[in-house]
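# Analysis of the macromolecular model
Now for the letters of each chain:
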Amino acid sequence: MPSIFTHIINKEIPCYKIVENDLFIAFLDINPNAKGHTLCVPKQEINKIFDMPEKRYLDLMKFSREVAVALEKTVPCKRIGMSVIGLEVPHVHVHLIPLNDMKQMTFQHKVSQSDTEFKALAKKIANNLI
Ligand code: 5GP
């Protein structure tokens, strides 16, 4: 069965997209730890990050870095945290989380945002991509 992210990639489910290319897509996490919490996802559905071919893994890191730089320009924070988990969605994704506090990396504290806020934020981050 395709993952929820494959449905997003195939445009069967909407997302607040920041950017995509042939191999990867970045969009806002729907249940963010902090405003700007972003997921960078390979279009090929692979369960575990370290099962990716090395080149594709390195390309994902490059893509994630580009998004993280734009994110840090957009959302006031001390730094961008990065995490890979995949216990909820077994389709590789890199979490990029604007951090001011360690608790924002725990996935126990969530922030709510309106549809309008999500849309505006995704657009602002996209505009800050190099
Ligand atoms: P993990 O698999 O790394 O534990 O977490 C999966 C992440 O995907 C969670 O932070 C969750 O909020 C996010 N997520 C789950 N379903 C959706 C969805 O349909 N859209 C978006 N944008 N994010 C999702």
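Our subject is the structure that appears above.
Looking now at the packing of aromatic side chains. One pair of aromatic rings is described through two measures. These are the centre distance and the angle between the planes. The tally for this structure, following the rule as stated, stands at four aromatic pairs. Summarising the aromatic geometry, the rings of phenylalanine 5 and phenylalanine 27 are spaced 5.5 Å apart at their centres and angled 70° between planes, so their arrangement reads as edge-to-face. A residue pair is termed long-range when its members are at least 10 positions apart, and phenylalanine 5 in helix 1 (residues 4-9) and phenylalanine 27 in strand 2 (residues 24-28) qualify at 22 residues. With 5.4 Å between their ring centres and 35° between their planes, phenylalanine 24 and phenylalanine 63 make a pair best called tilted. Taken together, the residues span a long stretch of sequence, with phenylalanine 24 in strand 2 and phenylalanine 63 in helix 2 (residues 54-74) at a distance of 39 residues. Across the pair, exposure class does not vary: phenylalanine 24 and phenylalanine 63 are buried alike.

The subject of this paragraph is the site of the ligand. Near the ligand, the surroundings consist of 16 residues, among which Asp29, Gly86, Val89, His93 and His95 are the closest. Contact distances for the ligand include 2.9 Å between an oxygen atom and a backbone N or O atom of glycine 86. Between leucine 87 and the ligand, the recorded distance is 3.4 Å, taken from a backbone N or O atom to an oxygen atom. Here the ligand loses 88% of its free accessible area of 530 Å² to cover by the protein chains. Because more than half of its atoms lie within 2 Å of the grid, the ligand is assigned to the largest pocket. Of all the secondary-structure elements, those providing two or more residues to the shell around the ligand are helix 1 and strand 2. Here the residues of the shell around the ligand are counted per class, giving ten nonpolar, four polar and two charged.

Positionally, asparagine 100 belongs in the loop between strand 5 (94-99) and helix 3 (115-127). Under the relative-accessibility criterion, asparagine 100 is labelled partly exposed at 40%. Here the alpha-carbon distance between asparagine 100 and cysteine 77, two residues 23 residues apart in the chain, equals 5.4 Å. A distance of 3.2 Å separates the side chain of asparagine 100 from the backbone nitrogen of lysine 78, its partner in a polar contact.

Turning to the environment of proline 53, a few remarks are in order. Note on placement: proline 53 falls in the loop between strand 3 (38-42) and helix 2. Linking proline 53 and proline 76, residues 23 residues apart in sequence, is a C-alpha distance of 34 Å.

By volume, the largest pocket is sized at about 500 Å³. Within the residue set of the lining of the largest pocket, elements represented by two or more residues are helix 1 and strand 2. No other element matches helix 1, which puts three residues into the lining of the largest pocket. Class assignment of the residues belonging to the lining of the largest pocket gives a composition of 15 nonpolar, five polar and three charged.

Core analysis: the biggest nonpolar cluster contains 25 residues, and Leu28, Cys40, Leu60, Leu96 and Ile125 have the highest contact counts within it. Contributing elements (two or more residues each) for this core: strand 2, helix 2, strand 5 and helix 3. Counting residues per element, this core draws most heavily on helix 2, which supplies six residues. Residues contacting leucine 28, with those up to four places away along its chain left out, are Tyr16, Ile18, Gly36, His37, Thr38, Phe118, Leu121, Ala122 and Ile125. Listed in part, the eight residues of the second largest apolar core include Ile25, Phe27, Leu39 and Val89.

Definitions and cut-offs
Residues numbered from 1 in each chain as written. Predicted model: local features only at pLDDT ≥ 70, side-chain atom pairs only at ≥ 80, totals over all residues. Heavy atoms only, no water. Phe/Tyr/Trp six-rings, centres within 6.5 Å; stacked < 30°, edge-to-face > 60°. Helix = DSSP H or I, 4+ residues; strand = E, 2+ residues; numbered from the N terminus. Buried < 20%, exposed > 50% of the residue type's maximum accessible area, 1.4 Å probe, protein only. Near = heavy atom within 4 Å. Polar contact = N/O pair within 3.5 Å; in protein donor to acceptor, adjacent residues only side chain to side chain. Areas by Shrake-Rupley, 256 points an atom, 1.4 Å probe, with all protein chains shown as cover. 1 Å grid on protein atoms, 1.4 Å probe; cavity = no way out; pocket = protein on both sides within 12 Å on 5 of 7 lines; lining within 4 Å. Sits in = over half its atoms within 2 Å of the grid points. Nonpolar A, V, L, I, M, F, W, Y, C, P; charged D, E, K, R; others polar. Points joined across faces, edges and corners; volume = space filled by probe spheres on them. Core = buried A, V, L, I, M, F, W, Y, C linked by side-chain atoms within 4.5 Å. Contact = heavy atoms within 4.5 Å.

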